[in-house]
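Given next are the chains, with one letter for each unit.
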Amino acid sequence: MNLVAGAGIPIRVISVYAIHHDKYIIVDGRHTETGSFNYSQAAAHSNSENVLVIWNNPQVAATYLAHWNSRWVQGVTVETSY
C-alpha cells in the first residue's frame, strides 16, 4: 500500500466489516464487471472462478458505484509510512 499511496493514488482501508470482499469494476459509468475472479495466474488457470460483465447498463453501474462510494466514506485514508 505504501507504493500506491506514495505514488499519490488515494487509498483507504476499512475495518467496519469482518471481511470486505467486494470485487467489481465500473467503467465509464456504463459497464460493470463483477464476480470472484482475481487477476492472477491461479485464477486464470487453477481456480474455480466466475465473472460477469454487464455492458451498456448505466443503472447497474450506478448501483455498484453507490455501493463503492458508501464503503469509501467509511474508510480511513492510508498515509505512507516512509
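Residues numbered from 1 in each chain as written. Predicted model: local features only at pLDDT ≥ 70, side-chain atom pairs only at ≥ 80, totals over all residues. Heavy atoms only, no water.

Undergrad: It is not clear to me how the environment of Asp-28 should be interpreted in this structure. Could you clarify?
TA: Of note, Asp-28 is situated in the loop between β2 (24–27) and β3 (31–35). Considering only alpha carbons, one finds Asp-28 and Ala-61, 33 residues apart in sequence, at a separation of 8.7 Å. (Helix = DSSP H or I, 4+ residues; strand = E, 2+ residues; numbered from the N terminus.)

Undergrad: How should I be thinking about the environment of Gly-8 in this particular structure?
TA: Relative to the helices and strands, Gly-8 is located in the loop between α1 (2–6) and β1 (12–13). Spatially, the C-alpha atom of Gly-8 lies 9.9 Å from that of Glu-79, the residues being 71 residues apart in sequence.

Undergrad: In this structure, what is going on with the sheet that holds strand β4 (residues 51–54)? I would like to understand it.
TA: For sheets, the rule is that strands pair by backbone hydrogen bonds, running either parallel or antiparallel. Ordered by their spatial adjacency, 3 strands build an open sheet running β2-β3-β4, and the pairing between neighbours is antiparallel. Edge positions in the sheet fall to β2 and β4, since each has one partner strand and no second. Geometrically, the sheet is characterised by an average inter-axis angle of 10 degrees between neighbouring strands, direction not taken into account. Against the sheet, helix α3 (residues 58–74) makes contact with β2, β3 and β4, and its axis sits at roughly 120 degrees relative to β2, the strand it touches most. (Pairing = 2+ DSSP bridges. Axes fitted to C-alpha atoms, helices over the stretch in contact; angles between N-to-C directions. Contact = heavy atoms within 4.5 Å.)

Undergrad: Help me understand the pairing of β2 in this model?
TA: Side-chain direction in a regular strand flips from residue to residue, so the side chains alternate between the two faces of the sheet. Strand direction decides the pairing type here: β2 and β3, joined by 4 bridges, are antiparallel. Each bridged residue has a counterpart across the sheet, and for Tyr-24 the counterpart in β3 is Thr-34. Here β2 folds back onto β3, and the loop between the two strands holds 3 residues, one of which, Asp-28, carries a positive phi near 55 degrees.

Undergrad: Even after reading the chapter, I still don't get a nonpolar patch on the surface, so can you show me in this structure?
TA: A surface patch of nonpolar side chains, about 460 Å² in accessible area, is lined by Leu-3, Val-4, Ile-9 and Tyr-82. For Val-4, the position within the fold is in helix α1. For Val-4, a relative accessible area of 34% translates into the label partly exposed. (Patch = residues over 30% accessible without salt bridge, like charges linked within 9 Å, V, L, I, M, F, W, Y side chains within 5 Å. Areas by Shrake-Rupley, 256 points an atom, 1.4 Å probe, with all protein chains shown as cover. Salt bridge = Lys/Arg side-chain N within 4 Å of Asp/Glu carboxyl O. Buried < 20%, exposed > 50% of the residue type's maximum accessible area, 1.4 Å probe, protein only.)

By themselves, these observations are geometric and do not establish any function.
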